[in-house]
Amino acid sequence: MKKIFKFFISVIIIAVLFIIANLIWTNYLKPVEIPELSSISNEYGTTIQSEEITKVYEIYSQKIDSDEFINLDVNSYIDKLIEDFKNSNSKIESIAPKDKAVLKNVIDTYKVNDSIVSLRITTIVKEVYGEYFNTSIKTFNYNLEDKEKISLDKLFKYGYKDKISDIYSEDYLLLHNGIEFYKEKQNNTCTYNLLKEYASSKLLTAQNFSISQEEYDKLFVKVVDKSKKMVAITFDDGPHSTNTQKILEILDKYNARATFFMLGQNVVNNKDIVKDVYNRGNEIGIHTWDHKQLTKLSSEEIATQVEKTSNAIYDITGEKPRIVRPPYGAINDTVKTALNYPLILWNIDSLDWKSRDETKIVPLVMNNVQDGDIILLHDIHATTVPAVEKIVSQLNESGYQMVTVSELLDAKEYDTTKTKVFYSGRQ
Ligand code: NI
């Protein structure tokens, strides 16, 4: 009997010890389990590894060391991730190691060509006591030449961009063979070939993707067909709180684009409209801050009028305007020297500001228009809107492509570093 009793006691003691050991293991010793996560591609810059381990969380983070503007963007995104993660765990003091919160991220970099670099940050996060890791993806695409982010707006024709982002999402990565779109945990690669109908960007050019011009022509439909006639419609003095929007609708209806020479003082009061003008693929030019006649100003005042406006536009669109239209078309040598921009005048004046009458505006334009013309209109006058509807529809019917001023000058192969003043695309 005693032997059996001793045996049972031993079994119970072992069992209790086992339970205690197990409790100690799970509560004090067992480490948090972190899934494997490593970079796939490192084609640009270097990644810097760091870790921070506390009683409540573990952070294994990568940051990028490449160009300053890329570092700033990408690393501040990562800093924000980490800050948010820490804040959400700041109230907990101590926890079993296995229940710790975890944040881990890796960076993949792709050097698509000489001008395009793309980065993907994959982050996995587990909350305290959490059992699952949530994965999130953030992408960055840069044009190394102008040190700017590449937005889908710049790559695709208006309308198609929206279609693409409906199907996928705002996160996309330019890769060697195509664009990868991310939606939730899914990703989908569209080859450049598949996207050819939508593309509009000069970034996606033949030399960039080391394919021949011939192949490129097959891949991408050009927005501007150099062999067809074209005009640049321009609108001055806006944006206007209601007229500009109406004009945008008309332009879209006929697949037309135009150039809006804006006043800085109107830009800051109509930011949503500025954004919309830009997003729909139109060009925004500078028309000074408050419509000053530049020939009456000093070089410094001229530069201030233009740069202040340029910055206001840049703050909204993320792109600096490339062209200036001097108010009243007034230019002299001081203006030409003070400004490092092509100065865009016009060769067809609709006199819309004077007549305020569509029956006069429309024939003035339509009876004189030729390939390469630059047409002057004003989106601040309500009477211009119905005239625009007629002009755009008639130009469309006559086979004109309605392009932006920059597209016109590019298509007509002007060197805007050599020629300063433009009246039309056929001078
Ligand atoms: Ni004006």
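Residues numbered from 1 in each chain as written. Predicted model: local features only at pLDDT ≥ 70, side-chain atom pairs only at ≥ 80, totals over all residues. Heavy atoms only, no water.

(A) Main features of the coordination of the nickel ion. Protein coordination at the nickel ion: the donors are Asp237 (OD), His287 (NE2) and His291 (NE2), at 2.0 to 2.2 Å from the metal. Read from N- to C-terminus, the donor residues coordinating the nickel ion fall into the pattern D-x49-H-x3-H. On the criterion of sequence distance, the pair formed by aspartate 237 in the loop between strand 10 (230-236) and helix 6 (243-253) and histidine 287 in the loop between strand 12 (283-286) and helix 9 (299-317) is long-range, its members being 50 residues apart. Accessibility classification places aspartate 237 together with histidine 287 in one group, the buried group. (Donors = N, O, S within 2.8 Å, 3.2 Å for Na, K, Ca; no water. Helix = DSSP H or I, 4+ residues; strand = E, 2+ residues; numbered from the N terminus. Buried < 20%, exposed > 50% of the residue type's maximum accessible area, 1.4 Å probe, protein only.)

(B) Local environment of the sheet that holds strand 6 (residues 148-149). Strands sit in the order 1-2-3-4-5-6 across an open sheet of six strands; the sheet is mixed. The open sheet has two free edges, formed respectively by strand 1 (46-53) and strand 6, since each of these has just one partner strand. Pairing analysis gives four bridges linking strand 2 (residues 57-65) to strand 3 (residues 101-111), with the strands arranged parallel. Bridge pairing links tyrosine 60 to lysine 104 in strand 3. Packing of helix 2 (residues 68-88) onto the sheet brings it into contact with strand 1, strand 2, strand 3, strand 4 (116-126), strand 5 (134-143) and strand 6, and relative to strand 2 it is tilted by some 170°. (Pairing = 2+ DSSP bridges. Contact = heavy atoms within 4.5 Å. Axes fitted to C-alpha atoms, helices over the stretch in contact; angles between N-to-C directions.)

(C) Representation of the packing of aromatic side chains in the model. All told, the structure shown has seven aromatic pairs when counted by the stated rule. Measuring from ring centre to ring centre gives 6.1 Å for phenylalanine 7 and phenylalanine 8, while their planes differ by 65°; the resulting arrangement is edge-to-face. Aromatic side chains phenylalanine 69 and tyrosine 142 sit 5.6 Å apart centroid to centroid with 85° between the ring planes, which places their arrangement in the edge-to-face category. Highlighted residues: phenylalanine 69 in helix 2 and tyrosine 142 in strand 5, separated in sequence by 73 residues. With a relative accessible area of 1%, tyrosine 142 lands in the buried category. If you follow lysine 229 out to its NZ or CZ, it ends over the ring of tyrosine 400, 4.4 Å from the centre. We note lysine 308 situated over the ring of tryptophan 289; from NZ or CZ to the ring centre the distance is 4.2 Å. (Phe/Tyr/Trp six-rings, centres within 6.5 Å; stacked < 30°, edge-to-face > 60°. Lys NZ or Arg CZ within 6 Å of the ring centre and 35° of its normal.)

(D) Structural context of helix 6. Along helix 6, the residues that are buried comprise Asn243, Thr244, Ile247, Leu248, Ile250 and Leu251. Taken down its axis, helix 6 places every buried residue within 165° of arc, on the same side. Of the residues trailing helix 6, asparagine 255 is marked for its positive phi of about 55°. (Arc of directions from axis to C-beta.)

(E) Highlighting the pattern of salt bridges. On inspection of all chains with the given rule, the structure shows 17 salt bridges. The salt bridge involving glutamate 389 is made with lysine 253; its shortest N-O contact spans 2.9 Å. Highlighted residues: glutamate 389 in helix 13 (residues 384-397) and lysine 253 in helix 6, separated in sequence by 136 residues. You can call lysine 253 exposed: its relative accessible area is 57%. In this structure, arginine 322 and aspartate 410 form a salt bridge, with 3.9 Å as the shortest nitrogen-oxygen distance. Of this pair, arginine 322 sits in the loop between helix 9 and helix 10 (333-338) while aspartate 410 sits in helix 14 (residues 405-411); the two residues are 88 residues apart in sequence, bridging distant segments of the chain. (Salt bridge = Lys/Arg side-chain N within 4 Å of Asp/Glu carboxyl O.)

(F) Examining the pairing of strand 5 more closely. Examined bridge by bridge, strand 4 and strand 5 share ten bridges and lie antiparallel to one another. Looking at the pairing, valine 117 lines up with tyrosine 142 of strand 5. Note: strand 5 against strand 6, two bridges, orientation antiparallel. If you follow tyrosine 142 over to strand 6, its bridge partner there is lysine 149.

(G) Region of interest: a nonpolar patch on the surface. Residues Ile4, Phe7, Phe8, Val11, Ile12, Val16, Ile20, Ile24, Trp25, Tyr28 and Leu29 make up a contiguous nonpolar surface patch of roughly 1,100 Å² in combined accessible area. Turning to its location among the elements, tryptophan 25 is positioned in helix 1 (residues 2-29). You can call tryptophan 25 partly exposed: its relative accessible area is 41%. (Patch = residues over 30% accessible without salt bridge, like charges linked within 9 Å, V, L, I, M, F, W, Y side chains within 5 Å. Areas by Shrake-Rupley, 256 points an atom, 1.4 Å probe, with all protein chains shown as cover.)

(H) The arrangement of the nonpolar core in detail. Ile233, Phe260, Leu339, Ile375, Val392 and Leu395 are the most contacted members of the largest nonpolar core, which has 50 residues in total. With six residues, the top contributor of residues to this core is helix 13. Setting aside residues no more than four positions away along its own chain, leucine 339 makes contact with Leu294, Ile302, Ala303, Val306, Val324 and Lys420. Counting 23 residues, the second largest nonpolar core, distinct from the first, contains Ile59, Val128, Phe140 and Leu144. (Core = buried A, V, L, I, M, F, W, Y, C linked by side-chain atoms within 4.5 Å.)

(I) Main features of helix 13. Taking 1.5 Å of rise per residue, 14 residues should cover 20 Å, and helix 13 covers 20 Å from first to last C-alpha, within 8% of that figure. Residues of helix 13 that are buried: Thr384, Val385, Ala387, Val388, Ile391, Val392, Ser393 and Leu395. Residues of helix 13 that are buried in the fold lie against strand 10, helix 6, helix 11 (352-355), helix 12 (358-366), strand 15 (374-378) and strand 16 (401-403). In the segment just after helix 13, glycine 399 is the residue with positive phi, at about 85°. (Expected span 1.5 Å × (residues − 1).)

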